[in-house]
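Observations on the three-dimensional arrangement
Now for the letters of each chain:
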Amino acid sequence: MNYSLMLPVFLAGLSVGAAAGFDTLADCRAYAAQTASYELFAAENSDFVDPSFSGVFKLFTPGYFDRLWTWFGRSTAARWSIEDMRDALRDLCAQKGARPAVAPGAVSAQLQLPADSRVYVWGDLYGSFHSFVRCLEELQRQGILDDQLHIVAPNTYCVVLGDTVGRSAFSLQLLTLLANLMQKNPGTFIILAGKQEQGRYWENFISMRMPLRLLASAYADPGKDRDIPLSGLINEFFTQLSPTLRIACSKNPADFMLCTQGEIADGMLDLVHLKAIIGSEQWLQALKPSRGLDFIGFTRGIPQWSLISAFNYIYQKYFNFSYDAFVLLSLKDNLADSMLSLHCHDMKNAAGPFAVHNYHPLWGVPVDGEADIKRMNALPVVTVGSTLPLTGALRGAGRAIQKGLELGFLQSNEQPKARFLVRPILLDDANLVRLARINALTLLKTYQCNIIIAPFGSSHLYSFMDLVQDGKVLVLFPASGNAIFRKPELKNIIHLRCSYDSEARGLAKYMVEQLEIKRFCLVYQDDLFGKPLTEAFQDELKKHQIDESTAVPFSRLQTTFKKEIELIKASNPEAVGLFTTSSSVAQEIISQLGTEFFIGRRIFGLSLIYDEALSRFLIDRGIPSTFSYIMPDPKRGTIVIVKEYRVGMERYGFVPESNSLDGYVAASLLVHALEHLEPPYTKEKVRDYFESLKGYAFKDLGLTFDPSKRQFIRPMLLRSEDDRWFRYDSAQNVLKPFNL
């Protein structure tokens, strides 16, 4: 007899007499134990996004006699079948009360909860059945969940952020368990829609297509399923999920925390009432070691958290992540008094308990408990803003400055004896001048923020200079060296870096005196940034009796440089100076010139563009280069503040580089000033403090304020190709050797 012909018919009716899988926590525990050897089964390909586990899927495919044995109740093994998933999803789709209500036209489900409510949150699970079961066992130990999978603790909710399936061999099993939990806990066990759940995205991946084709072919519905069995039913369930969840306290319902798997649209960033965001894994922070919960900074002043929950093959291999993890939000009368607690279990120590780490949800810092939260809430808050290119062509520099600023402020807020808290509002101007002005006005009017720190770009700063001149805002340490902002009458601006023309003169002096170069081509951005630089460089060359320089202007909006490339090559220079504000533009010009062009030639430019990307670009191509530095080498500098900066960057998994060091020093200086002042903290007090510094040693930085140029007198540094350092003193026009 050919049993293969009978199998589909037999399977179609098999579920009638069998008990539902994963109906109890004991069922889940037994199945997890039975399949434990497959939890970290290595993928058969090296695709991070779409790993293949076909070998495991085939092990799950039941044989005829296995199913027959189970049918007659003779099997003692823990069981799960594709019918269990099908039936659980069918029942859930028919049970509308299992999901939180979403008002017509709304984009978010909402929970308005009384004080002493608890919300447990998981990040992306990606089919991590075993890891999630261990978390449920921990909830049972805490008295939150019973063996029948009911949430038994009052005013308690569970939220899974989305991306529940994919990247795992156990996605179907986890989906079955999650559906059962939703059905047993209507409105209190909530799943959000992530990328996998929205728009049939999950259908693109092997980890879902393959097992469904192996296990569910008998249940394919040609009218709904297209080419994947049960896809119609799965999508029916997924389309009923909300992408976001708002959590508010009933005594203060206007303020809310947002839970979401995906990106936050600007329209959802309520400037007043959105107090915090809990999201799933963030690519940048996930590249560093994590216990599960990480504070990743402020989005338009809103604290944002990243949550990784699942111990699985992908996270272990690519992120070295070894935890089962979830977060508990313990609510009080308002979100500021609430507490965020990470519960995590390190699978490298499988016998160990879940550890608990507490945080202030609105400040991103560890706390000892409720008393510590109350202490922080009593502190005065200093709101500081900036406008930076966080998107667009200059996003590399803008995001680096953002990292440095946030690191400096976060370290200040973490101090147990802090007398104030700093709230950074860092707005994106996408490198657009008009947006920079809008951002400055938004900081002033919406956030009542009148201190703007480390804004990026000369033209951008110029767009709101009227606010500076009228005394409405104080600008500290702008990422601009333009001489037009260094006038004694501009009382409400203070510079940390030396001027661009000083950098240009120092570069010219070094190139002539140390490298003995005589023929230059200066490729400059034709605006307020590039023109003065070129003039200063050429003026310094004239002091050395050198007239052989060619100036090639370009528009900062250009993407191709055919005409400019021809002029550069025709000038036959010994060295090419790139006076641009964009690292990517510099790379494009170099690429279009070609690596061969730089045989026997050099590249040089200002500190502003010398980021990690450009450094690696030049090293990979073997092109010799010289760039100025405002601070000592961020990777090797030995002064106190640079070493302190490196420790902080390592803690958060970021690579040290010049722009983020500039941001960190700016934040540290402001914090230092505030520590020497008494509340109320005003921009006038901050300005007066900085103006008073003469010969002041701040963490090995010598600071003397020069009122005639509204700047601290700081040298420019240069590094030679053989790793020797030089210091340029612009006041005396002297270049000297310098020790890090």
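Up top is the structure.
Residue indices begin from 1 for each chain and proceed along its sequence in written order. Given that this is a predicted model, residues contribute local features only at a pLDDT of at least 70 and side-chain atom pairs are listed and counted only at 80 or more, while totals for whole chains, interfaces and linings are drawn from all residues. Hydrogens and water are ignored here; the side-chain numbers use all heavy atoms of the structure.

For each residue, the accessible area found with a 1.4 Å probe, counting protein chains only, is set against the maximum for its type, and the residue is called buried under 20%, exposed over 50%, and partly exposed in between. Numbering goes from the N terminus for both helices and strands, where a helix is a DSSP run of H or I of at least four residues and a strand is a run of E of at least two. Restricting attention to buried positions, one finds in helix H8 (residues 206–215) the residues Ile206, Ser207, Met208, Pro211, Leu212 and Leu215. What makes two residues a contact is simply this: any of their non-hydrogen atoms within 4.5 Å. At its buried positions, H8 is contacted by helix H3 (54–60), helix H5 (82–94), helix H7 (171–184) and helix H9 (231–238).

Here we take up the packing of aromatic side chains. Pairing of aromatic rings covers Phe, Tyr and Trp, the last counted by its six-membered ring, and requires centre-to-centre distances within 6.5 Å; plane angles under 30 degrees mean stacked, over 60 mean edge-to-face, and any other angle means tilted. One pass over the structure, following the stated rule, counts 39 aromatic pairs. With 5.3 Å between their ring centres and 35° between their planes, Trp122 and Phe326 make a pair best called tilted. Remark: Phe326 occurs in strand E10 (residues 323–330) and Trp122 occurs in strand E2 (residues 118–122); sequence separation between them is 204 residues. The pair formed by Trp122 and Phe326 is uniform in burial state, with each residue classed as buried. Between Tyr610 and Phe627 the ring centres are 4.5 Å apart and the planes differ by 15°, which places this aromatic pair in the stacked class. In this pair, Tyr610 is assigned in the loop between strand E21 (602–605) and helix H21 (612–621) and Phe627 in strand E22 (residues 625–629), connecting sequence segments 17 residues apart. Accessibility classification places Tyr610 together with Phe627 in one group, the buried group. Here a set of aromatic residues connected by ring pairs shows up, and it is made of Phe48, Tyr126, Tyr315, Tyr318, Phe319, Phe321 and Tyr323.

With that settled, consider helix H6 (residues 129–141). Each full turn of the α-helix corresponds to 3.6 residues, which orients residues three or four apart in the same direction. Over its 13 residues, H6 extends 18 Å from the first C-alpha to the last, a length consistent with the 18 Å expected when each residue adds 1.5 Å. With ten of its 13 residues buried, H6 lies for the most part within the structure. Within H6, burial applies to Phe129, His130, Ser131, Phe132, Val133, Arg134, Cys135, Leu136, Glu138 and Leu139. Those residues of H6 that are buried are in contact with helix H2 (25–34), E2, strand E3 (156–160), H7, strand E4 (189–191) and E10. Just downstream of H6, Gly143 is the residue with a positive phi angle, here 80°. To estimate the expected span of a helix, count its residues, drop one, and scale the result by 1.5 Å.

Taken in spatial order, the eight strands of this open sheet run E19-E18-E20-E21-E22-E27-E28-E29, and their pairing is mixed. With one partner strand each, in any of the chains shown, strand E19 (549–554) and strand E29 (734–738) form the two edges of the open sheet. Sheet twist, expressed as the mean angle between neighbouring strand axes with direction ignored, is 25°. Across four bridges, the pairing between strand E20 (residues 575–579) and E21 is parallel. In the sheet register, Ala575 faces E21, and the bridge partner there is Arg602. Interaxial angle, 0 to 180 degrees, is taken between N-to-C directions of lines fitted to C-alpha atoms, where a helix line uses only the stretch in contact. The strands that helix H17 (residues 500–513) touches are strand E18 (520–525), E20, E21, E22, strand E27 (716–719), strand E28 (725–729) and E29; relative to E27, the one it contacts most, it runs at about 35°. Sheet strands touched by helix H19 (residues 562–571): E18, E19 and E20. Its angle to E19, the strand with the most contacts, is close to 175°. Two strands make a pair as long as DSSP finds a minimum of two bridges between them.

Turning our eyes to something else, we now look at the side chain of Ser458. Position of Ser458 among the secondary structure elements: in helix H15 (residues 458–463). Classification of Ser458 as buried rests on a relative accessible area of 6%. The contacts of Ser458, once residues within four sequence positions are left out, are Ser480, Asn482, Phe485 and Tyr500.

The next subject is the environment of Ile453. Note that Ile453 resides in strand E15 (residues 451–453). Judged by its relative accessible area of 0%, Ile453 falls in the buried class. For the pair Ile453 and Thr387, spaced 66 residues apart in sequence, the C-alpha to C-alpha distance is 8.4 Å. Setting aside chain neighbours within four positions, we find Ile453 in contact with Val384, Gly385, Ser386, Leu405, Phe409, Leu476, Phe477, Ala666, Ala667 and Leu670.

Time to look at the packing of H5 against H9. Taken N-terminus to C-terminus, the directions of H5 and H9 make an angle of 40°; their axes are 10 Å apart at the nearest point. On the basis of the axis angle, H5 is oblique to H9. Considering only the axes of H5 and H9, their crossing is left-handed. Mapping the contact onto sequence places Met85, Arg86, Leu89, Arg90, Leu92 and Cys93 in H5 and Leu233, Ile234, Glu236 and Phe237 in H9. Counted by class, the contact of H5 with H9 contains seven nonpolar, no polar and three charged residues. In this scheme, roughly parallel covers angles under 35 degrees and roughly antiparallel covers those over 145, while 65 to 115 is roughly perpendicular and the rest are oblique. Left-handed is the label given to a crossing in which the near helix is rotated counterclockwise from the far helix by less than a right angle, and right-handed is the label when the rotation is clockwise. In this classification, the charged set is Asp, Glu, Lys and Arg, the nonpolar set is Ala, Val, Leu, Ile, Met, Phe, Trp, Tyr, Cys and Pro, and all remaining amino acids, among them Gly, are polar.

Let's shift gears to the environment of Ile599. Here Ile599 is to be found in the loop between helix H20 (583–593) and E21. Between the C-alpha atoms of Ile599 and Gly187, which are 412 residues apart in sequence, the distance is 68 Å.

The next subject is the pairing of E18. With six of six residues buried, E18 lies mostly within the body of the structure. We call a crossover right-handed when, viewed with the strands running away from us, the connection from the first strand over the helix to the second turns clockwise. Handedness of the crossover joining E18 and E19 through helix H18 (residues 530–543): right-handed.

Let us look at the pairing of E3. Most of E3 sits inside the fold, with five of its five residues counted as buried. Of the two faces of E3, the one holding Thr156, Cys158 and Val160 and the one holding Tyr157 and Val159 are both buried throughout. Strand direction decides the pairing type here: E2 and E3, joined by five bridges, are parallel. The partner of Val119 across the bridge, within E3, is Tyr157. Crossover connection from E2 via H6 to parallel E3: handedness right-handed. In the classification by handedness, the crossover that spans E3, the intervening H7 and the parallel E4 is right-handed.

The values are spatial; any link to function lies outside them.
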